[in-house]
Amino acid sequence: MLIVGELINTSRKAISEAVEGKDAQYIQQVAREQLEAGASYIDVNCGNKVFNEVEYMQWLVTTIQEAVQAPLCIDSPNPQALEAGLALAKYGTPMINSITDEGPRFEAILPLVLKYKAKVVALCMDDHGMPETAADRMRVVDSLYRKLTAAGVKDDDIYFDPLVKPVSSVQTAGVEVLETIKLIKQNYPDVHFMCGLSNVSYGLPNRKVLNRLFVAQTMTLGMDGYILNPTDKSMMGVIYAGATLLGKDDYCMGYLKAHRKGIYEE
Amino acid sequence: MSNFEELAEAVYQGDDEAVIMLTKSLVESGAKPMEIVSNGLLVGMDIVAPKFKSGEMFIPEVMMCARALGEGLKIVKPLLSTEDSASVSTFVMGTVKGDLHDIGKNLVVMLLESGGFNVIDIGIDVAPETFVEAIKEHKPQIVGMCALLTTTMMAMQDTIDAITEAGLRDKVKILVGGAPLYPEFAEKIGADGYCVDAVACKEMAAQMVVNK
């Protein structure tokens, strides 16, 4: 299970202030906490700082890597900011979040995927708007898969994000995502998945209950990557338990190790 | 209970069948169309908006109420006199170029309609020129722009520039909103206001119309 820690994002007020005030200590603490809580990647997103994104990205990547030797998920729709982050990322294989099948965005981001031999999150979106159904999503998946592999990206480096919408406004949003995972698994068994799943609960009370259940539901169908808050111990409990129950945890060692480290709660 | 109160209650309950029935019966009994709107339909939504803001009601419930409101408006709108229609403030709303997300915008449109605005929804992925044309055509008091992606935030700047170049900037107030935005950004691109959410947008818009 690949967990991308989502907390270093300037859409969050505390991070925004830390970035503007160049508070390296705070950023480093958030990076460390996420790693200790079980994140495999640390997401770096300063995309809403449109006027200084490149400069902030460089500062963030450097600052984080002074504290942790973790691979980074460089997260921006802006190719210049992605390149700035990727050029400095030095531990493990970097991940790019994200490429889509929107013409100019695909053309701008593909060269970065190839140049940095990066893993890439492929978001199920194209020029035709936001997908509603699983069939809409699969059209984008088919097209992206064809183009990425033709360019030499390995299946193992592709992480499809089925694009999660809120069930509060699109009643079938959850079930269409589940259907999409099933179809991707059938047609492209060697690719991976990534999703920001907390969108699913937007606009509803007790979001954590919905989020945890949606992790269990999506994992059951084969989802193997999430961008989330790894310091949410109840959520991490669902993930470790889920992998164990699905037979993806030899001798339940992942579950037990995480238990001893106090990573999850009942 | 008067019929207006029943109608307001039906809107608040999101009961579209009752709204249709009650609106029709009010029309038949000779109630003025504008009264049906302001004393019935909008009163119902006035209960909804603060409850949504305080966290007592949730998005799906607001959408149900808005649907019910819409059914009532469909019946009454064609009956409004031109004088009535002219007294209603117009709000042009769209998601900026490159942005295909519509959930937030739709919620704003619903709440604004419930606030008594005549909302012209120009859709998603709207080019700056289209905003300019919409302003020329509909002469709104307020223009709202929404961006849900960090990539499309700058399209707001482009749109405001286009409105300025067309000589229309002083004719309208501009409100911006969307997940990645923040107040300093709104200020920097020259918007008149930043809306943290749909309810804030409705409140700011109402304020702007009053202060005009």
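Small disclaimer: the values here were computed from a predicted structure and weren't measured.

Definitions and limits used
Residues numbered from 1 in each chain as written. Chains lettered and ligands numbered in written order. Predicted model: local features only at pLDDT ≥ 70, side-chain atom pairs only at ≥ 80, totals over all residues. Heavy atoms only, no water. Patch = residues over 30% accessible without salt bridge, like charges linked within 9 Å, V, L, I, M, F, W, Y side chains within 5 Å. Areas by Shrake-Rupley, 256 points an atom, 1.4 Å probe, with all protein chains shown as cover. Salt bridge = Lys/Arg side-chain N within 4 Å of Asp/Glu carboxyl O. Helix = DSSP H or I, 4+ residues; strand = E, 2+ residues; numbered from the N terminus. Buried < 20%, exposed > 50% of the residue type's maximum accessible area, 1.4 Å probe, protein only. Core = buried A, V, L, I, M, F, W, Y, C linked by side-chain atoms within 4.5 Å. Contact = heavy atoms within 4.5 Å. Pairing = 2+ DSSP bridges. Axes fitted to C-alpha atoms, helices over the stretch in contact; angles between N-to-C directions. Domains from an automatic or database assignment. Buried area = accessible area lost by both parts, 1.4 Å probe. Polar contact = N/O pair within 3.5 Å; in protein donor to acceptor, adjacent residues only side chain to side chain. Right-handed = clockwise from strand over helix to strand, strands pointing away. Parallel < 35°, antiparallel > 145°, perpendicular 65-115°, else oblique. Left-handed = near helix turned anticlockwise from the far one by under 90°. Nonpolar A, V, L, I, M, F, W, Y, C, P; charged D, E, K, R; others polar. UniProt positions renumbered as here; feature names shortened; annotations may be inferred.

Caption draft 1: Here's a closer look at a nonpolar patch on the surface. Residues and elements named next belong to chain A. Residues Tyr251, Met253 and Leu256 make up a contiguous nonpolar surface patch of about 350 Å² in total accessible area. Considering the arrangement of structural elements, one finds leucine 256 in helix α10 (residues 253-261). With a relative accessible area of 32%, leucine 256 lands in the partly exposed category.

Caption draft 2: Focus on the nonpolar core. With 69 residues, the main nonpolar core has Ile8, Ile27, Ile96, Leu148 and Phe160 of chain A as its most contacted residues. Excluding its chain neighbours within four sequence positions, the residues that come into contact with isoleucine 8 of chain A are Ile15, Ile27, Val30, Ala31, Gln34, Ile42, Asp43, Val44, Asn45, Leu60 and Ile64 of chain A.

Caption draft 3: Quick look at the sheet that holds strand β4 (residues 173-177) of chain B. Residue and element names in this part refer to chain B. The five strands are arranged β2-β1-β3-β4-β5 in an open sheet whose pairing can be described as parallel. Strands with a single pairing partner mark the edges of an open sheet, and in this sheet they are β2 (118-126) and β5 (193-195). The average angle at which neighbouring strand axes cross in this sheet is 20°, direction not considered. The sheet contact formed by strand β3 (residues 142-146) and β4 spans five bridges and is parallel.

Caption draft 4: Main features of the domain arrangement of chain B. Residue and element names in this part refer to chain B. Domain annotation for chain B reports domain 1 (3-84) and domain 2 (88-211). Computed from C-alpha atoms alone, the centre-to-centre distance between domain 1 and domain 2 is 25 Å. At the interface, 13 residues of domain 1 touch ten residues of domain 2. Between domain 1 and domain 2, a total of about 1,100 Å² is buried, with carbon and sulfur atoms accounting for 74% of that surface. Where domain 1 meets domain 2, there are two salt bridges. In this structure, the salt-bridge partner of lysine 53 is glutamate 203, at a minimum N-O distance of 3.2 Å. For the pair domain 1 and domain 2, the interface holds one residue pair in polar contact (both at pLDDT 80 or more). Elements with a minimum of two residues in the side of domain 1 that touches domain 2: α3 (33-53) and α4 (59-76).

Caption draft 5: Geometry of the pairing of strand β2 (residues 41-44) of chain A. All names here are of chain A. Neither face of β2 is open: one carries Tyr41 and Asp43, the other Ile42 and Val44, and all of them are buried. Of the strand pairs in this sheet, strand β1 (residues 2-5) and β2 are connected by two bridges, and their pairing is parallel. Its bridge partner being in β2, glycine 5 is matched across the sheet by isoleucine 42. Bridge analysis of β2 against strand β3 (residues 72-75) gives three bridges, and the strand direction is parallel. The partner of aspartate 43 across the bridge, within β3, is cysteine 73. Remark: the β2/helix α3 (residues 53-67)/β3 crossover connection has right-handed handedness.

Caption draft 6: Local environment of the pattern of salt bridges. Residues and elements named next belong to chain A. One pass over the full model with this rule turns up 19 salt bridges over all chains. When the shortest N-O distance is used, the salt bridge between lysine 147 and aspartate 101 registers 2.7 Å. You can see lysine 147 sitting in helix α6 (residues 134-150) and its partner aspartate 101 sitting in strand β4 (residues 95-101), a full 46 residues away along the chain. Here arginine 139 ties to aspartate 136 by a salt bridge, and the two come within 2.6 Å at their closest N and O atoms. Taken together, the residues span about one helical turn, with arginine 139 and aspartate 136 both in helix α6 at a distance of three residues.

Caption draft 7: Structural detail: the packing of helix α2 (residues 24-36) of chain A against α3 of chain A. All names here are of chain A. Two elements in contact, α2 and α3, have axes separated by 9 Å at closest approach and are oriented at 60°. The orientation of α2 with respect to α3, classified from their angle, is oblique. Crossing handedness for the pair α2 and α3: right-handed. Only Trp59, Leu60, Thr63, Ile64, Glu66 and Ala67 of α3 make contact with α2, whose side of the interface consists of Ala24, Ile27, Gln28, Ala31 and Arg32. Tallied by class, the residues present in the contact of α2 with α3 amount to seven nonpolar, two polar and two charged.

Caption draft 8: Region of interest: the environment of threonine 180 of chain A. All names here are of chain A. Its location among the elements puts threonine 180 in helix α7 (residues 173-187). A C-alpha to C-alpha distance of 34 Å links threonine 180 and serine 16, two positions 164 residues apart in sequence. Residues in contact with threonine 180, not counting those within four places in the same chain, are Ala134, Arg137, Met138 and Pro162.

Caption draft 9: Spatial organisation of the UniProt feature "domain: Pterin-binding" (unreviewed entry) in chain A. Here the UniProt-annotated "domain: Pterin-binding" (unreviewed entry) positions come out as residues 1-260 of chain A. Span residues 1-260 of chain A is 48% helix and 14% strand, its end C-alpha atoms 19 Å apart.

Caption draft 10: Seen up close, unusual backbone geometry. Residues and elements named next belong to chain A. Residue asparagine 97 is joined to serine 98 through a cis peptide bond whose omega torsion reads 10°. Within the secondary structure, serine 98 sits in strand β4. You will see that asparagine 206, though not glycine, has its phi angle at about 50°, which is positive. Inspection of the secondary structure assignment puts asparagine 206 in the loop between β7 (192-193) and α8 (207-220). Look at tyrosine 251: it is not a glycine, yet its phi comes out positive at around 55°. Within the secondary structure, tyrosine 251 sits in the loop between α9 (233-245) and α10.

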